Each structure stands twice: as structure tokens, then as C-alpha cells.
Amino acid sequence: MSVPTAALESSICAPLPVLGQNVTVPLVTGGEVTYAALDYAASAPALQRVWDDVAAYAPYYGSVHRGAGYLSQLSTDLFENSRRTVAEFLGCRADDQVVFTRSTTDSLNLLAAAIPADCQVFVYETEHHASLLPWRDARVTYLNAPRTPAQAVESLERALADRDPYGPALVCVTGASNVTGELWPVKELAAAAHAHGARIVLDAAQLAPHHPVDIAELDVDWVAFSGHKLYAPFGSGVLAGRADWLRAAEPYLAGGGASRKVARRADGGVDVDWHTTAARHEAGSPNVIGVYSIASACKALTEAGFEGLVAREQELVGRVREGLAEVPEVQVLSLFGDDAPRVGVISFVVRGWNSSHFAAALSAEYGIGVRDGLFCAHPLVRTLLGSDPQDPGECGAPDAVPGERSLNAIRVSFGAGTPDEHIDRFLRAVSELVREGARWNYRTEDGRCVPDRGEAAQVPDTF
């Protein structure tokens, strides 16, 4: 998978309107500044279009699937039309199912509960914990971090060929790293998996917001992603793909909506006839607004012209990388090398700085929101930092001592709603902090590096 920026330069589009783009935050040094949200990889701001669509629907909110009233029928149509919108956005095949979940994590745990009992799972140590950890009841082979895309394919082929016994197998791989932003060779990995009789699930949490994802074109069996990274509010996600394993598995949650018929037996027990559609794994009252939000975001990205959004993001990626390269103390983390194609997710460390201290200074002194830590990808960050797997370190860096090296990194991430000024301010802030140091004293509080409260900025009592 690649990002053909040269061919897209003429189609670059403007940033999309997002919520919070005019929010101001206080600085410890005095005054206020417009907040620069550069933590898209954790949660992207919701598109204004999505919020407007939800607000327009809100007065018509009603129960779904079995209500006889007009609002219930309208909400049911909206819910199922959203399923079709997502299927179209992902390029689903005719017999694929789209199951709505709470998040990427929920989607992958659902799939983990649906795999055959004798299935062997293959997953790279470079995965986000959402795709690294759900396979607790399966036989799991963890693959070492590859250093090139070709090496990723080769190591998978060897592992699949050597598996014993030769039974059902599932490969789980990210589309774009949540640490480095690097794109993985998904189509080639899918071909390798299928050549050895295995299936493959794509963790598209970081890919779908930044790059078109087409299930049929990539030839993957399933795709999982979260709404809150795709410019929609929290609490909704998608698992889309082949129906057979999902149809054969026990419902992920038992309850109303997943069952077609429930009857008492003569012996006092209960017989249940479960749905074979996506409803089988959607028990309970669904998050209709969350589902509609995802569909709205899919439409907004498509209508804005995804190619133009990709082109602009690649322009920002180039500017950030060039700007960081001008600061010798900055080391950008990479698995596949500087020339690897990537989305708008870049992690780095700064010589002479604890990463949590640096991130805190960006926030308190410049109004810039980034992320620091191990990004729920602990094995990968440790590999990239060249540390021993047993070295201490955790998300939040509780030992954030200014000047001390830390077993964590700083991540800047951006996307369709990022204005140029946020990137310019970030690069200026990095340069100034490295050159001049922080202008405020910081200390650790509840596992976070924060400005010293001796002269802290005023925090608003209400929002």
C-alpha cells in the first residue's frame, strides 16, 4: 500500500470543519491561545458535518427494529441505511456482514470469540494492544517486528508454512501503525495468508481515517475500526467482513435483538433460535446515534474527495518531518525507514528531555495537545527505542523527571481537520523548547507531568 502524493497534488483540498477548532485554552505563561489538537491518533475531533447530521436527527430519536411508531420506523431505517453506507465506504463484498460494535477493541474481541476452537492466530509484536491481546483463548504465534515490508511478508509466510497442525489460521495486522504512521503491505500479507489457507483481519483504526480502505481490493477477510478515530463521537465501531465464522459462533452478547425466538421447554429450560445476520452479535439496544455518526463521517470523507484529503495530509507529513529533521536533538521513530509511506502519525524522542516533560511543555506553554507514553503498543515502542523488553516503563511515564531519558515517546498526529497554523506552531514550539528550554517548572502528579502548581495557570471551573 502506498500514498501516491505526486499524482494527487492538483487535488489537494482545504481542511474540513471540525468541532473545537476555535476553542481557546489558558497558557501557564499568561493569556490564551486557540487549542492545537494534534492527537488525532487517539481520538480525532468530530467533523462539524457529523455533528450537524446528529443534531438534525436528534428530535426524531426512537427505538429500533420492533417499534410500530413512526419515529421507531424512521430510526430503524436510519440504522440499517447506515450499515449500507459503511459497507459501501469499505468496498464490502455482496455476502459480507457489517456488525456495529463499541470500538476497534470491541470488534477484535468479538472476532476472537468467533474463531474456531482449533484456530491458530498469527500477530506481529508491533500491533496495538487492541489487536495484540484479544486472542487469549487461541494458540497465538507472535511474530518479531519486521524491518521492511518485504520482511513482514516473508516472516508471515514462514510462520504459516511451519504451523503444526495445519488447521484454521487467522492473521491479524494493522493497516497503519499507531506509533510510526507507517503503512503495512496489507494486500501482500493477505495474499500470503490465503496462499497458506489462513484468513486475515485488518486493524484499520489508523488507516481508515487517513486512506481509503477497500475490503475487496485488499482481499482481506475482515476490517475493524473505531468511529472516534474517523471523525465521529466516541462509543461506536465496526467489524465488517466474512459472515461464516460470525454466523457459526455463539452470540458475542446474549440478549434481546440477537435472538429470533425464545421458548420454554417441557423440562423447564429455554430454547433459543439466534439470528444469523449481523444482529446475532448486536444484542441490546444499539447505539443508533453512534452508528449514524460513523455513516455520516463516511459520507463526508467521500464527498469531500478522499484523494484530496490524502494529498493534503501527505503535504503536512512532509512539512512535519522536514521541520523535525532540522532539530538535531530530535529522533523520529521508524520501523521501515525514512522513505516508508505513512499517514499523519509521527512519534519521536528528544535528546536531553523526558518525553512526558516535553509533551507537558507543549501543552502548558503553547496550547498544543500531543500524546506521550507507549501508545498502547508497548512491545513496539520498546523495540523502536532499543530497550530491553523487561525495562520498566508504562503509559503516562510516572517518573517524568526533566532532563532524564524516559522509556516513552512523543506522538504528534493530524488529519482532515488540521489547519496549517497548528503544524507551524508545533514545529516552532519544538525548536524553541530544544533551543531555549521550558519557561515553567514541572512536576509529576498522579502519573502525569504537569506545570508546578506554585504558579499554575487558572483552570476554568466550567466549560
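Residues numbered from 1 in each chain as written. Predicted model: local features only at pLDDT ≥ 70, side-chain atom pairs only at ≥ 80, totals over all residues. Heavy atoms only, no water.

Engineer: Just checking my understanding: could you explain the packing of aromatic side chains for this structure?
Structural biologist: The relative placement of two aromatic rings is captured by the distance of their centres and the angle of their planes. In total, this model carries 11 aromatic pairs according to the counting rule given. With a centroid separation of 6.3 Å and an interplanar angle of 25°, the aromatic rings of Phe-89 and Phe-306 are classed as stacked. Linking Phe-89 in helix 3 (residues 70–89) with Phe-306 in helix 11 (residues 306–325), this pair joins segments that are 217 residues apart in sequence. Per residue, the accessibility class of Phe-89 equals that of Phe-306, and both read buried. Here the basic side chain of Arg-163 rests over the ring of Tyr-166, its NZ or CZ set 3.9 Å away from the ring centre. A cation sits over an aromatic face here: Arg-439 above Tyr-366, 5.2 Å from the ring centre. (Phe/Tyr/Trp six-rings, centres within 6.5 Å; stacked < 30°, edge-to-face > 60°. Helix = DSSP H or I, 4+ residues; strand = E, 2+ residues; numbered from the N terminus. Buried < 20%, exposed > 50% of the residue type's maximum accessible area, 1.4 Å probe, protein only. Lys NZ or Arg CZ within 6 Å of the ring centre and 35° of its normal.)

Engineer: Whenever I open this one, the environment of Asn-109 confuses me. Can you help?
Structural biologist: Here Asn-109 is to be found in helix 4 (residues 104–114). A C-alpha to C-alpha distance of 8.4 Å links Asn-109 and Ser-131, two positions 22 residues apart in sequence. Every residue in contact with Asn-109, bar those within four places of it in the chain, is listed here: Pro-134, Arg-136 and Tyr-252. (Contact = heavy atoms within 4.5 Å.)

Engineer: Explain unusual backbone geometry here, please?
Structural biologist: Generally, phi is negative for residues other than glycine and the peptide bonds are trans, each holding for most cases. Cis peptide bonds are those with omega within 30 degrees of zero, and the linkage from Asp-164 to Pro-165 qualifies with 5°. Locating Pro-165 in the fold gives a position in the loop between helix 6 (149–161) and strand 7 (169–174). Although it is not a glycine, Asp-219 adopts a positive phi angle of roughly 60°.

Engineer: What is the right way to read the packing of helix 6 against helix 7 (residues 186–195) from this model?
Structural biologist: Packed helices, taken two at a time, are described by the angle between their axes plus the distance between the axes. Put simply, helix 6 and helix 7 touch, their axes get as near as 9 Å, and they point 15° apart. Taken together, helix 6 and helix 7 sit at an angle that is classed as roughly parallel. Viewed along their axes, helix 6 and helix 7 form a crossing whose handedness is right-handed. Contact residues: Ala-152, Val-153, Leu-156, Glu-157 and Leu-160 in helix 6; Glu-188, Leu-189, Ala-192 and Ala-193 in helix 7. Residue composition of the contact of helix 6 with helix 7, grouped by class: 7 nonpolar, no polar and 2 charged. (Axes fitted to C-alpha atoms, helices over the stretch in contact; angles between N-to-C directions. Parallel < 35°, antiparallel > 145°, perpendicular 65-115°, else oblique. Left-handed = near helix turned anticlockwise from the far one by under 90°. Nonpolar A, V, L, I, M, F, W, Y, C, P; charged D, E, K, R; others polar.)

Engineer: Help me out: how do you make sense of the layout of surface pockets in this one?
Structural biologist: Where empty space is left can be seen by rolling a probe of water-molecule size over the atoms. Of the pockets and cavities examined, the second largest pocket occupies roughly 550 Å³. Lining of the second largest pocket is provided by 25 residues; of these, Leu-19, Ala-37, Ser-43, Ala-44 and Pro-45 occupy positions nearest its centre. Of the residues in the lining of the second largest pocket, the class split is 16 nonpolar, 8 polar and 1 charged. (1 Å grid on protein atoms, 1.4 Å probe; cavity = no way out; pocket = protein on both sides within 12 Å on 5 of 7 lines; lining within 4 Å. Points joined across faces, edges and corners; volume = space filled by probe spheres on them.)

Engineer: Please explain the pairing of strand 9 (residues 222–226) as it appears in this structure.
Structural biologist: Strand residues, when the strand is regular, have side chains that alternate between the two faces of the sheet. Buried residues dominate strand 9, accounting for 5 of its 5 residues. Of the two faces of strand 9, the one carrying Trp-222, Ala-224 and Ser-226 and the one carrying Val-223 and Phe-225 are both buried. Direction of pairing for strand 8 (residues 199–203) relative to strand 9: parallel, over a ladder of 3 bridges. Within the sheet, the bridge partner assigned to Val-201 lies in strand 9 and is Trp-222. Relative to strand 10 (residues 237–241), strand 9 runs antiparallel, the two sharing 5 bridges. Its bridge partner lying in strand 10, Phe-225 is registered against Val-238. (Pairing = 2+ DSSP bridges.)

Engineer: Would you mind going over the environment of Asp-203 with me for this structure?
Structural biologist: Looking at the element boundaries, Asp-203 is found in strand 8. Owing to a relative accessible area of 4%, Asp-203 belongs among the buried residues under this scheme. Sequence-wise, Asp-203 and Trp-222 are 19 residues apart; in three dimensions their C-alpha atoms are separated by 8.6 Å. Once residues within four sequence positions are removed from consideration, Asp-203 is found in contact with Thr-104, Leu-108, Glu-127, His-128, Ser-131, Val-173, Thr-174, Gly-175 and Ala-224.

Engineer: Looking at this structure, how should I read the pairing of strand 8?
Structural biologist: With 5 of 5 residues buried, strand 8 lies mostly within the body of the structure. The alternating pattern of strand 8 places Arg-199, Val-201 and Asp-203 on one face and Ile-200 and Leu-202 on the opposite face, and all of these are buried. As paired elements, strand 7 and strand 8 share 5 bridges and run parallel to each other. From the neighbouring strand, Thr-174 faces strand 8, where its bridge partner is Asp-203. For the crossover from strand 7 across helix 7 to strand 8, the handedness is right-handed. (Right-handed = clockwise from strand over helix to strand, strands pointing away.)

Engineer: I keep staring at helix 14 (residues 420–436) and nothing clicks. Help me out?
Structural biologist: Since the α-helix advances by 3.6 residues per turn, residues separated by three or four positions end up pointing in the same direction. With 17 residues, helix 14 should cover 24 Å at 1.5 Å per step; its first-to-last C-alpha distance of 24 Å lies within 8% of that length. Those residues of helix 14 lying buried are His-422, Ile-423, Arg-425, Phe-426, Leu-427, Ala-429, Val-430, Glu-432, Leu-433 and Val-434. (Expected span 1.5 Å × (residues − 1).)

Engineer: Would you explain the pattern of salt bridges in this entry?
Structural biologist: When charged atoms on two side chains of opposite charge get close, those side chains can pair. Considering all chains together, one arrives at 26 salt bridges under this definition. For Glu-182, the salt bridge is made with Arg-342, and the minimal N-O distance between the two is 3.8 Å. Of the two residues, Glu-182 is situated in the loop between strand 7 and helix 7 and Arg-342 in the loop between strand 13 (330–332) and strand 14 (345–350); the sequence distance between them amounts to 160 residues. Classification of Glu-182 as buried rests on a relative accessible area of 1%. (Salt bridge = Lys/Arg side-chain N within 4 Å of Asp/Glu carboxyl O.)

Engineer: Please explain the nonpolar core as it appears in this structure.
Structural biologist: Generally speaking, a soluble globular protein has its nonpolar side chains buried in company with each other. Judged by nonpolar contacts, the single largest core of 84 residues is most densely connected at Leu-90 and Phe-225. It is helix 10 (residues 288–304) that contributes the most residues to this core, 8 residues altogether. With residues up to four places along the chain from it excluded, the contact list for Phe-225 reads Val-86, Leu-90, Ser-103, Thr-104, Ser-107, Ala-204, Ala-205, Ala-208, Leu-230, Gly-237, Val-238 and Ile-294. Residues Leu-362, Ile-368, Val-412 and Phe-414 belong to the second largest nonpolar core, which totals 35 residues. (Core = buried A, V, L, I, M, F, W, Y, C linked by side-chain atoms within 4.5 Å.)

Engineer: Even after reading the chapter, I still don't get the state of the cysteines, so can you show me in this structure?
Structural biologist: Linking two cysteines covalently through their sulfur atoms gives a disulfide. Per the counting criterion, the structure on display carries 0 disulfides. For Cys-92, which is in no disulfide, the shortest distance to another cysteine sulfur is to Cys-298 and amounts to 10 Å. With no disulfide of its own, Cys-119 has Cys-172 as its nearest cysteine by sulfur position, at a separation of 11 Å. (Disulfide = S-S within 2.5 Å.)

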